[in-house]
Amino acid sequence: MRAAKTIGAAIALMLAAATGCDGGGDDATMASRVPDGLGSFYDQRPDWRDCGGGFQCATVQVPLDYAKPQSEKVGISLIRLPARNRSERIGSLLTNPGGPGGSGIGFVRQAAAAFGADLRERFDIVGFDPRGVGESDPVRCNTTAQLDRFFATDSSPDDPDERKTLADRSRQFASNCETKERAVLPHVGTADAARDMDVLRAALGDDKLTYYGASYGTYLGAFYAEQFPKNVRALVLDGAVDPRLSATDILVEQAKGFETAFRAFAENCVSQPDCPLGDSPDAAEKNLEKFLAETDEKPLTARGDSRKVTESLATMGIATALYAKEYWPTLRQGLAQAMRSGDGTVLLTLADQMVDRENGSYSNQTDANMAVNCVDKPNPANVDAYAKAVEKAERSAPRFGEFVVWGGLPCVYWPAQAEKAPAPVTAKGSAPILVIGTTRDPATPYSWSEGLAGQLQSGVLLTLDGDGHTAYLQADPCISRATDRYLVTGEPPKDGTVCR
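Below, the structure is looked at part by part. (Residues numbered from 1 in each chain as written. Predicted model: local features only at pLDDT ≥ 70, side-chain atom pairs only at ≥ 80, totals over all residues. Heavy atoms only, no water.)

1. Structural notes on the state of the cysteines
Spelled out, the test is: For this text, the term disulfide refers to a pair of cysteine sulfurs within 2.5 Å. Buried, partly exposed and exposed residues are distinguished by accessible area as a fraction of the type maximum, computed with a 1.4 Å probe on protein chains only: under 20%, between the cut-offs, and over 50%, respectively.
Counted under the stated rule, the structure contains 5 disulfides. Disulfide pairing places cysteine 51 opposite cysteine 57 at an S-S distance of 2.1 Å. Since a negative S-S torsion denotes a left-handed disulfide, the cysteine 51-cysteine 57 link at about 75° is right-handed. Judged by its relative accessible area of 9%, cysteine 57 falls in the buried class. Across a sulfur-sulfur distance of 2.1 Å, cysteine 141 and cysteine 177 are joined as a disulfide pair.

2. Re the sheet that holds strand E4 (residues 91-96)
As a reminder of what qualifies: For two strands to pair, DSSP has to find at least two bridges joining them. Helix and strand assignments follow DSSP, with helices taken as H or I runs no shorter than four residues and strands as E runs no shorter than two, numbered in order from the N terminus. Residue contacts are counted whenever heavy atoms from the two residues lie within 4.5 Å of one another. With axes taken as lines fitted to C-alpha atoms, and helix axes fitted only over the stretch in contact, angles between N-to-C directions fall between 0 and 180 degrees.
Strand order in the open sheet formed by 10 strands is E1-E2-E3-E5-E4-E6-E7-E12-E13-E14, with mixed pairing between adjacent strands. Edge strands, defined here as strands with exactly one partner in the open sheet, are strand E1 (49-50) and strand E14 (497-499). Along the sheet, helix H8 (residues 190-203) makes contact with strand E2 (56-63), strand E3 (73-81), E4, strand E5 (123-128) and strand E6 (209-214), crossing E2 at roughly 130°.

3. Looking at the side chain of threonine 366
Here threonine 366 lies in helix H15 (residues 365-376). The class of threonine 366 is buried, set by a relative accessible area of 8%. Ignoring anything within four residues of it in the chain, the contact list for threonine 366 reads Leu147, Phe151, Phe173 and Val355.

4. Describing the side chain of lysine 377
Basically, it comes down to this: Positive charge is attributed to Lys and Arg, negative charge to Asp and Glu, and no charge count is given to His or to the chain ends. By convention in these notes, a salt bridge is any Lys or Arg side-chain nitrogen within 4 Å of a carboxyl oxygen on Asp or Glu. A 3.5 Å cut-off defines polar contacts: any pair of N or O atoms within that distance qualifies, except that in protein one atom must be a possible hydrogen donor and the other a possible acceptor, and neighbouring residues in sequence count only when both atoms are side-chain atoms.
Structurally, lysine 377 is set in the loop between H15 and helix H16 (383-396). Of the side chains with opposite charge, aspartate 376 lies nearest to the buried lysine 377, which makes no salt bridge, at 7.2 Å. A polar contact is formed between the side chain of lysine 377 and the side chain of tyrosine 219, at a distance of 3.4 Å. Polar side-chain contacts of lysine 377 include one of 3.1 Å to the backbone oxygen of proline 243. Apart from the residues lying within four places of it in its own chain, the contact partners of lysine 377 are Tyr219, Pro243, Leu245, Ser246, Ala247, Ile250, Ala418 and Pro422.

5. Focus on the packing of aromatic side chains
The criterion, for reference: Pairs were defined over the aromatic rings of Phe, Tyr and Trp, the Trp ring being its six-membered one, requiring ring centres within 6.5 Å. Orientation was assigned from the angle between planes: stacked under 30 degrees, edge-to-face over 60, tilted for the rest.
This structure, assessed with the given rule, holds 17 aromatic pairs. Look at phenylalanine 173 and tryptophan 414: their rings are 6.3 Å apart centre to centre, the planes differ by 40°, and that puts the pair in the tilted class. With phenylalanine 173 in helix H7 (residues 160-181) and tryptophan 414 in the loop between helix H17 (401-406) and strand E12 (433-440), the pair connects residues that are 241 residues apart, well separated along the chain. Note on phenylalanine 173: relative accessible area 2%, which makes it buried. Classification of tryptophan 414 by relative accessible area gives buried; the value is 3%. Here phenylalanine 265 and tryptophan 328 contribute two aromatic rings whose centre-to-centre distance is 5.9 Å and whose plane-to-plane angle is 80°, an arrangement assigned as edge-to-face. Residue phenylalanine 265 is found in helix H10 (residues 247-269), and its partner tryptophan 328 is found in helix H13 (residues 328-341); the two are separated by 63 residues along the sequence. Side by side, phenylalanine 265 and tryptophan 328 carry an identical accessibility label, which is buried. Pairwise contacts between aromatic rings join Phe258, Phe262, Phe265, Tyr323, Trp328 and Phe400 into one cluster.

6. With respect to the pairing of E12
Defined as follows: Crossover handedness is defined by viewing with both strands directed away from the observer: a clockwise path from the first strand over the helix to the second marks the crossover as right-handed.
Across the 8 residues that make up E12, a large majority, 6, are buried. Pairing between strand E7 (residues 232-238) and E12: 4 bridges, direction parallel. Residue pairing across strands places aspartate 238 opposite isoleucine 436, the latter belonging to E12. Each parallel crossover has a hand, and the one from E12 via helix H18 (residues 446-455) to strand E13 (residues 459-467) is right-handed.

7. Some details on the environment of proline 380
If you trace the backbone, proline 380 turns up in the loop between H15 and H16. For proline 380, a relative accessible area of 19% translates into the label buried. Sequence-wise, proline 380 and aspartate 274 are 106 residues apart; in three dimensions their C-alpha atoms are separated by 44 Å. Those residues in contact with proline 380 that sit more than four places away from it in its chain are Thr248, Ala385, Tyr386 and Val412.

8. Observations regarding the pairing of E5
Counting buried positions over the 6 residues of E5 gives 6, a clear majority of the element. Of the two faces of E5, the one holding Phe123, Ile125 and Gly127 and the one holding Asp124, Val126 and Phe128 are both buried throughout. By the bridge criterion, 4 bridges tie E3 to E5 in an arrangement that is antiparallel. Within the sheet, the bridge partner assigned to isoleucine 79 lies in E5 and is glycine 127. Relative to E5, E4 runs parallel, the two sharing 5 bridges. Note on E5: the bridge partner recorded for glycine 91 is phenylalanine 123.

9. Quick word on the nonpolar core
Filter applied, for reference: As used here, the term nonpolar core means buried Ala, Val, Leu, Ile, Met, Phe, Trp, Tyr and Cys residues forming a set that is joined through side-chain atoms within 4.5 Å.
In this structure, Ile318 and Trp414 are the most contacted members of the largest nonpolar core, which totals 125 residues. The element best represented in this core is H10, accounting for 11 residues. When near neighbours in sequence (up to four residues on either side) are disregarded, isoleucine 318 contacts Phe262, Leu288, Phe291, Leu292, Leu331, Leu335, Leu347 and Phe400. Counting 33 residues, the second-largest nonpolar core is a separate cluster that includes Ile105, Ala234, Ala482 and Leu487.

These figures come from the coordinates and say nothing about function on their own.
See below:
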């Protein structure tokens, strides 16, 4: 999965069965759930320190390899905004913004205020950088120059030479990670990160986990519930990923999601006086294809930046703007400038948001994103096998299929490969789990939320009939009320509730 720059936090910046008891359990109860050999990790208590703005930060240790817990350790960085009402505090609300590769620390710093007043009163809002991400022993493989070249590579190869270039640069991406991070790559996947979350639950003093996960964070939360169903208090999985899908099926379906989102943008655009795409949605789609083909032949320029805005970078900028409806006016402006004068400045700025490139350098989001995705599911054995998924995507998503699916090609060459096939997640015996889906979500199609809610034995589906990626941080009153009530009381809304 591609991930925009901590998308939940970006949206928050633009939008600007418990009762009142403490969430911490007694030591005997918690000790009964400590896996063998991990007592020293579960017994930790974070040494919180002030880190500005009312936030506190700490580090918790987890094993790099849970099969060898006494060998190398990984530091998981945490941040929290303490509950306002300490006397009625329920516990911690652990959060993950998605990615994989998104910084949970940055997310909480930027988005903690977007959580409901009841949640801020009664929960510590806690974020963490999963293993390999951000401040938690980050995976770093590629230089800025290498990533610039990778993202600018033509992701719609028109001939064997262009396809070879794409394969070579994908292979080089994987080779750089093998050279620099080989020892840790087998241990940065979602299954290990979910185990880390249970260590964090115990370290935070919570008998059971209360959690909000967006996008990839839903996949992480589902894996947690599958491994620790009895430790679930309340889980919100917003913009769900369907665990049953293969690595390439996820990309194919995601490409379809961007097509759906672009159609919604096009319908809105043609109703505006400044739309550069024509006077009907059909015309808009055709004109976008024409624009991208022209950009493939002659890249755009960007003011104050020496990079050429290739077709791939232009497509990435367009895709970024589809994550949130609030970006649509910016996308209209960017397309107008690009189509009328060859100025790709706005589109390049949007593309940089997608991959967290700021002030001329990248965070480790891209390296971590690839490292987690490549090890989580088995990958095709070679480029020819991978190309079949591209062809499938191109048929159903002609504007975004190649761009999205070819983006995962480094996984074919990845030094650490998964063997276990994707499977349903049921979390048998868990407390109710709330799954939220948005009907025109570009990055996590609504059908995925339906799929995950149906798999989970205690899954409850809440729907936002709307646009944009994920729902809760859009501040829709209906979604907010239902979600906040569930997190505070443990009582979910009626399954199938739709907010419009």
